[in-house]
Structures are given as C-alpha cells and as structure tokens.
Amino acid sequence: MTVDNEVPRRHRVVVIGSGFGGLFAAKHLKRADVDVTLIAKTTHHLFQPLLYQVATGILSVGEIAPATRIILRKQKNAEVLLGEVVGIDLENKTVTSKLLDWERVVPFDSLIVAAGAQQSYFGNDHFEAFAPGMKTIDDALELRGRILGAFEAAEVTTSADERQRRLTFVVVGGGPTGVEVVGQIAELADRTLAGAFRAINPTEARVILIEAGGAVMPPMGPKLGLKAQRRLEKLGVEVKLNTMVTDVDYKGLTVKEKDGSEHRIECAVKVWSAGVQASPLGKLIAQQSDGTEVDRAGRVVVEPDLTVKGHPNVFVIGDLMSVPGVPGQAPGAIQGAKYATKQIKSELKGADPSARKPFKYLDKGSMATVSRFSAVCKVGKLEFGGFIAWLAWLGLHLYYLVGGRNRIAAIFSWFVTFLGRGRGQMTITERWVFARRALEQVRDQETPRAIG
Ligand SMILES: Cc1cc2nc3c(=O)[nH]c(=O)nc-3n(C[C@H](O)[C@H](O)[C@H](O)COP(=O)(O)OP(=O)(O)OC[C@H]3O[C@@H](n4cnc5c(N)ncnc54)[C@H](O)[C@@H]3O)c2cc1C
C-alpha cells in the first residue's frame, strides 16, 4: 500500500468519476490554485446518452468514449488515476482506490463524488446475465453482439421455433433509453439488414417494448409519450404497457399483464433499461456523515449545497445525489459540478462556507429520439415532436460530445445511417458477447488478476 507523502502543497481536490459530473468538475478547476486527482474505474469519459447507438452499430466506441487522460492532458493541475474506489474516510480525509493488486490512498481537502448509478434489477440480479442493461461500453458491445448474433443464428437454424425466438427482441423499460434502443433495433432490422440474409427476412423480426406503467416516457408527459408510442408502432414495434416482467431466463421472459394473467415471450435478445441504483459509495459516505441518508435508489440526500451533513468539504453530485426536482440526467451532473467547484474556488479566496447559496437547478428540458428524423422534446411548457425536435436533439448531442474529432466522426456516421441505410459499426466478435461472463467466472474462482 502506498500513501502519498505529506509535502508542502496546494489545496487538494479529489474527484471520483469521469462521467459528466467528474469530468466537468475537474475541468472547471483548470485555473484554480488546487491540485486535482480524478479517480475513475474506467479510462474514458463515457457519453451515456449515445450508448444505444454503439449497441446498434451506428457509432464506434471511440466516438462516445474519449480517454479522460487525453482530455485532461493539457490541464497541468490535474492527474488521472485508474482504479475502483473501495474506501472513503471522511474523518481522515482520504480516498482508497484499487487497481489489480495495488491499493492507493489519496488525501483530500475537498472531495467531489460523482460515481453515478448502475442498472437496477429490483432485487432480481440474476436477470442481468440474460438481459444486460446499458450503462457501460461493455454493455453496449455485448448487446451489439447479441443483437446482430441473433440474426446470424436465425439464418443458420432450421427450426422454425428457434428462428422465431432468435428474431424476437424485447426491451424492458419504456423510459427514454428503452424507447431509443427499441426504435433503433426496429430500424436496424428494417433498413440496414433488409436484403442481407438469404434464409430469413430481417424485416419480419418481432420487436417488443415492455413497460410496467401506463405510458412510455412518463416524465415527458402524456402527449409526447403517446406521440413516441405511435411513432414506434409505425415502425412495427409492439408496445406493451401495464406489463410487468416477472422472470427472465436464457430462453425468454415471463410477463404479467394488468389483469393478472402471466405468459411467456420466447426471445433471444433481452435488453434491460428499467431502473437505476446509485453507486454504493453513496451509502458509504452517508454512513460517515452526521445523519445524511440515502433514498430508495441509494442516492445521497444532500444538503442544499450538495454536501453531506457535517462535512462541508464533501460534495456529492450527478446521478449519485438526490435533490428534489433534479432528474438523473447529464445537465444535473454538469450543473452540480459547476456549483461545487465554484464553492471550492471562492472559499480558497476567503469566502465563508456557511454563507453558501443553495444549489439551483436550471431545467433546460429533456428530449429523446424515437427513430431517424423523429424525436420528442420538452422545454418548460413547450412540447414538440417530429423532425424539428430531432434536429434539436442532433445539435444538442453534438454540442455535448467531447472532442472536435468525435463530433466530425459522429456527423459522418449519422449521415451514413440516417440519410442512407448503412451503419459503420456492424462488427461483432464472440469475445464481446462472452468475455464479460468469462471474466466474472474467473473472478468467482478468486484468481488474483482478472485483468492485466
Ligand atoms: C443509456 C443512457 C442514456 C441516457 N440518455 C440521456 C439523455 O439523453 N440525456 C441526459 O441528459 N441524460 C441521459 N442519461 C443520463 C446521464 O448519462 C447521466 O445523468 C449522467 O451520465 C450522470 O453523470 P454522473 O457523472 O453523475 O455519472 P456517470 O456519467 O455515470 O459517471 C460515473 C463515473 O463514476 C465512475 N465510478 C463509479 N463507481 C466508481 C468507483 N467505485 N470507483 C471509481 N470510479 C467509479 C464511473 O466509471 C464513471 O466514470 C442517460 C444515461 C444512460 C445510461
């Protein structure tokens, strides 16, 4: 174990996470008289809103996940450490991270925790092996492998039932992510893969969206939810509302309808986008505070200044924070990062922490694509959908994509896919589908080094 030496030093800010919260926090401290250590368990900054386009062959991994180290290369006061944070000691002001067998303890004066959230299976974690979520690059590549692999298997099998099963795709969860991915699976089958097989007709694939509630995308309101639903149905997607998934296995899943009846859907590809659970680091911090709690999703119920009780130097931001009226979306994380770093900077110049103004969230609206040329958009009371909303979606996502090269590459990829029928990222490998499971097995056998 190594402990960083106590030498004369500047104010040290440790940032956990390289997502929207973590990366923007580190960047906002660029000109501050501080040393920043950003610790994350992935080497990249992931633009999660476009993961579904990696899963469905539109964008490459590099376009949505540039290396954090390279982004921060010119920021001399920032260092990047790869590692999983396994311990936070609020009393002694240290963060412990692990990479392989190495443990690193980093002291801090201020801490910004932006560790985000993971997929939630509501206590049914065994569903995950059969129905991966969409939170990481690994998830997206595994899903791409499963989706395209299902068409390949359908082409080869001589069993009509198995062919039908392979050509049935189910997305669980009718939030924006579920709507976006299901729309893209339908377009992939109908446009990109049409005519590419000989034994099967990909356009006959059955694509199903299952939602436990009575509408898709409830936060967008009934009008836009219905609009998105109609558009999906036009694409041939079966939208099943008021339907609960009660079991998932290799062969398919079991659903319970509103009237209580249960039945099976045999399907090879299942995608889970039904809920989120905050990083366990939230609970770890709350337990050490003077009474801060976590909500049901494990998010930290922060003070008005985004800190935990008794520790004004510990900020929790992004998907890990619970603030009334702030949705778990990128703008909340970005604004939280800006707010927290602003407090750190002004207090270095002598401002009093007890005089902080509370965090105020500016709701810039939300949007989701349904298919090419079609999106829904809600800004305050203004609700609109269709092509204009899609253009707005396009512009906004380009704006937030990190790196000029990535923006140009994304524009080119979208041009190919939306104006034509092609998709530039149709590569799949067996390892993408099975590697994660294999690694998990290796870890279960307690092999000391699963990677490296
Ligand atoms: C599929 C999908 C689609 C989305 N679409 C939209 C959208 O259209 N619009 C929108 O506004 N929002 C969207 N969101 C939500 C948005 O991406 C999140 O709100 C945002 O990423 C939250 O930022 P964050 O920094 O809090 O967490 P994240 O971006 O999740 O980053 C968390 C970081 O913490 C790191 N980390 C976690 N645990 C540890 C640990 N123990 N040790 C070290 N590092 C750790 C991770 O590696 C990661 O770098 C979407 C999310 C998903 C998953």
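Residue indices follow the written sequence of each chain, beginning from 1 at its first position. Residues qualify for local features only when their pLDDT is at least 70, as the model is predicted, and side-chain atom pairs are given and counted only at 80 or more; totals for whole chains, interfaces and linings, by contrast, use all residues. Each side-chain value is derived from all of the structure's non-hydrogen atoms; neither hydrogens nor water enter the calculation.

For the record, the criterion: UniProt positions are given in the numbering used here, feature names are shortened, and annotations may be inferred rather than shown by experiment.
An unreviewed UniProt entry lists the protein chain under the name NADH:ubiquinone reductase (non-electrogenic), with Mycolicibacterium celeriflavum as the source organism. Of the comments in the UniProt record for the protein chain, the one headed Sequence similarities (unreviewed entry) reads "Belongs to the NADH dehydrogenase family." Regarding the protein chain, the relevant UniProt record gives this comment under Cofactor (unreviewed entry): "FAD".

Overview of the overall build of the protein chain
Filter applied, for reference: For the purposes of this entry, the term helix denotes a DSSP run of H or I that reaches at least four residues, the term strand denotes a run of E that reaches at least two, and both are numbered from the N terminus. Categorising residues by exposure relies on relative accessible area from a 1.4 Å probe, with only protein chains included: less than 20% of the type maximum marks a residue as buried, more than 50% marks it as exposed, and the intermediate range marks it as partly exposed. When checking whether two residues touch, look at their non-hydrogen atoms; a contact exists if any pair is within 4.5 Å. By the counting rule applied here, Lys and Arg register as positive and Asp and Glu as negative, while His and the ends of each chain are not counted. Every charge is mapped to an atom, namely NZ of Lys, CZ of Arg, CG of Asp or CD of Glu.
In terms of helices and strands, the protein chain carries 13 helices and 24 strands. Along the longest, intermediate and shortest principal axes, the C-alpha atoms of the protein chain span 70 × 55 × 45 Å. Counting all 452 residues of the protein chain, 51% fall into the buried class. For the protein chain, contacts bridging at least 24 residues in sequence account for 64% of all contacts bridging at least 6. Averaged over its 58 positive side-chain charges, the protein chain has a centre that lies 8 Å from the centre of its 48 negative ones.

Describing helix α1 (residues 20-28)
Burial runs high along α1: seven of the nine residues are buried. Buried within α1 we find Phe20, Gly21, Gly22, Leu23, Phe24, Ala25 and Ala26. In this structure, the buried side of α1 is in contact with β2 (11-16), β3 (34-40), α4 (68-71), β8 (110-113) and α10 (330-348).

Overview of the pairing of strand β23 (residues 374-379)
Going by this rule: Note on pairing: DSSP must find at least two bridges between two strands before they are called paired.
As paired strands, strand β22 (residues 366-371) and β23 are joined by five bridges and run antiparallel to one another. Paired with Ala368 across the two strands is Val376, which belongs to β23. Joining the antiparallel neighbours β22 and β23 is a turn of two residues, in which Phe373 adopts a positive phi near 65°. Taking the residues between adjacent antiparallel strands as the criterion, β23 and strand β24 (residues 382-386) are bridged by two residues, where Gly380 takes a positive phi near 60°.

A few points about the site of the ligand
To be explicit about the condition: Here a residue is near a molecule or strand as soon as one of its heavy atoms is found within 4 Å of it. Polar contact criterion, stated in full: a pair of N or O atoms within 3.5 Å, where within protein one must be able to donate a hydrogen and the other to accept it, and residues adjacent in sequence count only if both atoms are side-chain atoms. In this description, accessible areas are obtained by the Shrake-Rupley approach with a 1.4 Å probe, and a residue is regarded as covered only by the protein chains that are shown. When residues are grouped by polarity, Ala, Val, Leu, Ile, Met, Phe, Trp, Tyr, Cys and Pro land in nonpolar, Asp, Glu, Lys and Arg in charged, and all others, Gly among them, in polar. The start and end points of each domain follow an automatic or database-based domain assignment.
The ligand sits among 27 residues. The nearest are Ser18, Gly21, Gln48, Val85 and Asp319. The separation between an oxygen atom of the ligand and a polar main-chain atom of Ser18 is 2.9 Å. The backbone of Lys41 places a nitrogen or oxygen atom 3.1 Å from a nitrogen atom of the ligand. Protein chains shield 90% of the accessible area of the ligand, which is 990 Å² for the free molecule. Take the shell around the ligand: its biggest share by element is three residues, from α10. Of the residues belonging to the shell around the ligand, the class tally is 11 nonpolar, 12 polar and four charged. Mapped onto the domain boundaries, the shell around the ligand takes at least three residues apiece from domain 1 (11-41 + 83-119 + 277-355) and domain 2 (125-274 + 372-432).

A few points about the pattern of salt bridges
Here is the rule: Salt bridge criterion: a side-chain nitrogen from Lys or Arg within 4 Å of a carboxyl oxygen from Asp or Glu.
Enumeration according to the criterion identifies 14 salt bridges in this entry. The partner of Glu162 in a salt bridge is Arg165, and the shortest N-O contact between them spans 3.0 Å. Within this pair, Glu162 and its partner Arg165 are both found in helix α6 (residues 160-166), separated by three residues, close to a single helical turn. Neither residue differs from the other here; Glu162 and Arg165 are each classed as buried. In this structure, the salt-bridge partner of Arg264 is Asp249, at a minimum N-O distance of 2.9 Å. Of this pair, Arg264 sits in strand β15 (residues 262-266) while Asp249 sits in the loop between β13 (244-248) and β14 (252-256); the two residues are 15 residues apart in sequence, bridging distant segments of the chain. Residue Arg264 is classed as partly exposed on the basis of its relative accessible area of 34%. Using a relative accessible area of 24% as the deciding quantity, one classes Asp249 as partly exposed. A network of salt bridges, in which partner residues are shared, links Arg10, Asp33 and Asp35.

Description of the nonpolar core
Inclusion rule: Throughout, nonpolar core names a set of buried Ala, Val, Leu, Ile, Met, Phe, Trp, Tyr and Cys residues whose side chains join them through atoms within 4.5 Å.
Counting 119 residues, the largest nonpolar core has Ile64, Leu111, Phe151 and Trp414 as the members making the most contacts within it. Among the elements that take part in this core, helix α5 (residues 137-156) stands out by supplying nine residues, more than any other. Counting only domains with at least three residues in this core, you end up with domain 1 (11-41 + 83-119 + 277-355) and domain 2 (125-274 + 372-432). Not counting the four nearest positions on each side in its chain, Leu111 is found in contact with Val14, Ile16, Ile88, Leu90, Val95, Asn313, Val314 and Phe315. Listed in part, the 14 residues of the second largest apolar core include Ala131, Val172, Val248 and Ile265.

Comments concerning the environment of Pro132
With respect to the element layout, Pro132 can be found in the loop between β9 (117-119) and α5. The spatial distance from the C-alpha of Pro132 to the C-alpha of Glu142 is 8.1 Å, given a sequence separation of 10 residues. Excluding its chain neighbours within four sequence positions, the residues that come into contact with Pro132 are Tyr121, Glu142, Leu143, Arg146, Lys270, Val271, Trp272 and Arg436.

A word on the domain arrangement of the protein chain
We apply this condition: Take the accessible area each of two parts loses on contact, using a 1.4 Å probe, and add the two losses: that sum is the buried area.
When its domains are assigned, the protein chain resolves into domain 1 (11-41 + 83-119 + 277-355) and domain 2 (125-274 + 372-432). Each of domain 1 and domain 2 has a C-alpha centre, and these two points are 33 Å apart. Contact residues are listed per partner, giving six residues for domain 1 and eight residues for domain 2. Counting the surface lost from both domain 1 and domain 2, the interface buries some 540 Å², and carbon and sulfur atoms represent 64% of this. Applying the counting criterion to the domain 1 and domain 2 interface returns zero salt bridges. Put simply, domain 1 and domain 2 have one residue pair in polar contact (both at pLDDT 80 or more) between them. With three residues, β9 is the single largest residue contributor to the side of domain 1 that touches domain 2. For the side of domain 1 that touches domain 2, the per-class residue count stands at three nonpolar, two polar and one charged.

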